[in-house]
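# What the coordinates show
The lines below spell out each chain.
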Amino acid sequence: MGVTVDVRQVYKYPFEQVVASFLRKYPNPMDKNVISVKIVEEKRESRSFALARVPWHQPSSQQPLAPGLKQSFCLSLPNESTGVIYRKRIAVCQNVVPEILRKVSILKVPNIQLEEESWLNPQERNMAIRSHCLTWTQYASMKEESVFQESVENPNWTEFIQRGRISITGAGFLNYILETFASTFLRQGAQKGIRIMEMLLKEQCGAPLAE
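Conventions adopted
Residues numbered from 1 in each chain as written. Predicted model: local features only at pLDDT ≥ 70, side-chain atom pairs only at ≥ 80, totals over all residues. Heavy atoms only, no water. Helix = DSSP H or I, 4+ residues; strand = E, 2+ residues; numbered from the N terminus. Buried < 20%, exposed > 50% of the residue type's maximum accessible area, 1.4 Å probe, protein only. Contact = heavy atoms within 4.5 Å. Areas by Shrake-Rupley, 256 points an atom, 1.4 Å probe, with all protein chains shown as cover. Salt bridge = Lys/Arg side-chain N within 4 Å of Asp/Glu carboxyl O. Phe/Tyr/Trp six-rings, centres within 6.5 Å; stacked < 30°, edge-to-face > 60°. Lys NZ or Arg CZ within 6 Å of the ring centre and 35° of its normal. Pairing = 2+ DSSP bridges. Polar contact = N/O pair within 3.5 Å; in protein donor to acceptor, adjacent residues only side chain to side chain. pLDDT = per-residue confidence, 0-100. Core = buried A, V, L, I, M, F, W, Y, C linked by side-chain atoms within 4.5 Å. Axes fitted to C-alpha atoms, helices over the stretch in contact; angles between N-to-C directions.

### As for the overall build of the chain
If you tally the helices and strands in the chain, you get two helices and seven strands. Taken from N to C terminus, the helices and strands of the chain fall in the order β-α-β-β-β-β-β-β-α. In the chain, which comprises 211 residues, the proportion classed as buried is 48%. Sequence-distant contacts in the chain: of pairs separated by 6 or more residues, those separated by 24 or more amount to 70%. For the chain, the exposed area adds up to about 11,100 Å²; of that, 52% sits on carbon and sulfur atoms.

So, in structure tokens, the structure goes:
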């Protein structure tokens, strides 16, 4: 059992602007579920890093999002860089499981933690991301793999591709109910994230670029 959610979005802004906005996205008043985000590791790797262009997968595809995707989230954009910028951070989010389901002891925690790592290649203009939940690991697996990359439609646009997968195995008869709720929450969260990105880009960079 498990639920997979695929998301694709093209931002009509250059890669550098999109990544900068992404790294400042949370916390944000438009999504109060994210309480805090803390950087726990940051470094610049001297070795070169190449990320193959990630094709768009249909939701029915059984292929992984990106066979070589490294792990996950935010970063800075220096003026000059010869290697990949790596950063890891921990996000603390509100537990959004409905109160009626929190009667089950394993779901009573007030907050959940997510670990996000990212690999940014300024020269190749791509950033690979992977995140996973650190809470409920004995009962559930919740992971996301994403990439920002220069759009094939227009080099001044940026393509975002994300695949999230949720699998719950340790909650007994609640497995199916929790997977259905988590799937809905993941889809809604992805769309909310896109709206926040569009708002930030418009505020910070102006109107999107035309064809």
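After that view of the structure, there is still more to cover.
### Remarks on the pattern of salt bridges
What the rule picks out here adds up to twelve salt bridges. A salt bridge links Arg125 to Glu16; the shortest N-O distance between them is 2.8 Å. Note that Arg125 is positioned in the loop between β4 (111-121) and β5 (126-133) and Glu16 in helix α1 (residues 15-23), a separation of 109 residues in sequence. A single network of salt bridges, built from pairs that share partners, joins Glu41, Lys43, Lys88 and Glu115.

### Comments concerning the packing of aromatic side chains
Throughout the structure, instances matching the rule amount to three aromatic pairs. Ring centres of Tyr86 and Trp119 lie 4.9 Å apart, and the angle between their planes is 55°; on these two criteria the pair is classed as tilted. Of the two residues, Tyr86 sits in strand β3 (residues 84-94) while Trp119 sits in strand β4, which places them 33 residues apart along the sequence. Pair check on accessibility: Tyr86 and Trp119 agree, each one buried. Through pairs of rings, three or more aromatic residues link up here, namely Phe22, Phe148 and Phe160. In this arrangement the basic side chain of Lys43 is found over the ring face of Tyr86, its NZ or CZ atom lying 5.4 Å from the centre.

### Thoughts on the pairing of strand β7 (residues 158-168)
Of all eleven residues in β7, ten are buried, a share of seventy percent or more. Relative to β7, strand β6 (residues 140-150) runs antiparallel, the two being bridged by eleven bridges. Bridge pairing links Gln149 to Glu159 in β7.

### Some words on the environment of Leu114
Among the secondary structure elements, Leu114 is positioned in strand β4. Separated by 18 residues in the primary sequence, Leu114 and His132 place their C-alpha atoms 5.7 Å from one another. Not counting residues up to four positions away in its chain, the partners in contact with Leu114 are Arg89, Ile90, Ala91, Cys93, His132, Cys133 and Leu134.

### Some thoughts on the side chain of Thr135
Considering the arrangement of structural elements, one finds Thr135 in the loop between β5 and β6. A polar contact of 3.0 Å, which involves the side chain of Thr135, links it to the backbone nitrogen of Gln113. The residues contacting Thr135, other than those within four sequence positions of it, are Val109, Asn111, Ile112 and Gln113.

### Regarding the confidence of the model for the chain
Chain-level pLDDT for the chain is 79 on average; 76% of the residues reach the 70-or-more range. Confidence drops under a pLDDT of 50 for residues 52-81, and excluding neighbours within four residues, the segment shows 96 contacts in the predicted structure.

### With respect to the nonpolar core
One finds Tyr11, Val18, Phe22, Met127, Phe148 and Met197 to be the most contacted residues of the largest nonpolar core, which totals 36 residues. Breaking this core down by element, the ones donating at least two residues are β1 (3-11), α1, β3, β4, β5, β6, β7 and α2 (175-205). It is α2 that provides the largest number of residues to this core, a total of nine residues. In this view, Tyr11 contacts Val18, Phe148, Trp157, Thr158, Phe160, Ile194, Met197, Glu198 and Leu201; residues no more than four positions away in its chain are not counted.

### Some details on the sheet that holds strand β2 (residues 34-45)
A sheet is described by the order of its strands in space; here seven strands give the open sequence β1-β7-β6-β5-β4-β3-β2, paired in antiparallel fashion. At either end of the open sheet lies a strand with only one pairing partner, and these are β1 and β2. Between one strand axis and the next, the sheet turns through 15° on average, direction left out of account. Pairing of β1 with β7, which is carried by nine bridges, proceeds in the antiparallel orientation. By the bridge assignment for β7, Arg8 is matched with Ile161. Lying over the sheet, α1 contacts β1, β3, β4, β5, β6 and β7, oriented at roughly 25° with respect to β5. Of the strands in this sheet, β1, β6 and β7 are in contact with α2, which crosses β1 at around 10°.

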